[in-house]
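# Structural overview for review
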Amino acid sequence: MARPLRIELEGGVHHVVSHGNGRLWVFRNDNQRRYFLNLLGSSVFKYRVVIHAFVLMTNHVHILVKTPLPNLNQFM
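Residues numbered from 1 in each chain as written. Predicted model: local features only at pLDDT ≥ 70, side-chain atom pairs only at ≥ 80, totals over all residues. Heavy atoms only, no water.

## Points about the confidence of the model for the chain
Taken residue by residue, the chain gives an average pLDDT of 91. The fraction at 70 or more is 99%. Here helix α2 (residues 72–75) stands out as the least confident element of the chain, with mean pLDDT 90; strand β2 (residues 50–56) is the most confident, with 97. (pLDDT = per-residue confidence, 0-100. Helix = DSSP H or I, 4+ residues; strand = E, 2+ residues; numbered from the N terminus.)

Written as structure tokens, this is what we have:
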């Protein structure tokens with residue numbers, strides 16, 4: 001069962017968690033982590049969000065993000 005859609009708020013602060021399919025590994029090495037961080041940085045610039053904190057685990061990611069515009073879905 002899918003979870004309900006997030007409410008997108010102007011100025012909202014969101015705790016986003018993203019898991020690999022079947023909780024499989026998302027990152028196997030530092031190169032993959034660097035690639036993800038480059039994509040994250042590009043998305044921050046493009047969608048004008050603010051990342052307050054993030055954690056890259058082997059099989060999931062936590063991101064604390066503030067959305068000055070109601071565009072969390074586009075950012076993700």
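## Regarding helix α1 (residues 30–47)
End to end, α1 covers 25 Å across 18 residues, agreeing with the expected 26 Å (1.5 Å per residue, within 8%). Immediately downstream of α1, the backbone of Arg48 shows phi near 55°, a positive value. (Expected span 1.5 Å × (residues − 1).)

## Brief notes about unusual backbone geometry
Even without being glycine, Arg48 reaches a positive phi, approximately 55°. Inspection of the secondary structure assignment puts Arg48 in the loop between α1 and β2. Arg48 gets classed as exposed once you look at its relative accessible area, which sits at 55%. (Buried < 20%, exposed > 50% of the residue type's maximum accessible area, 1.4 Å probe, protein only.)

## Points about the pairing of strand β3 (residues 60–67)
Sheet topology note: the strand β1 (residues 12–19)/β3 ladder contains eight bridges and is antiparallel. Of the residues in β3, the one forming a bridge with His15 is Leu64. In this structure, β2 lies alongside β3, joined through six bridges in antiparallel fashion. What sits directly across from Ala53, in β3, is Leu64. Two successive antiparallel strands, β2 and β3, enclose a turn made up of three residues. (Pairing = 2+ DSSP bridges.)

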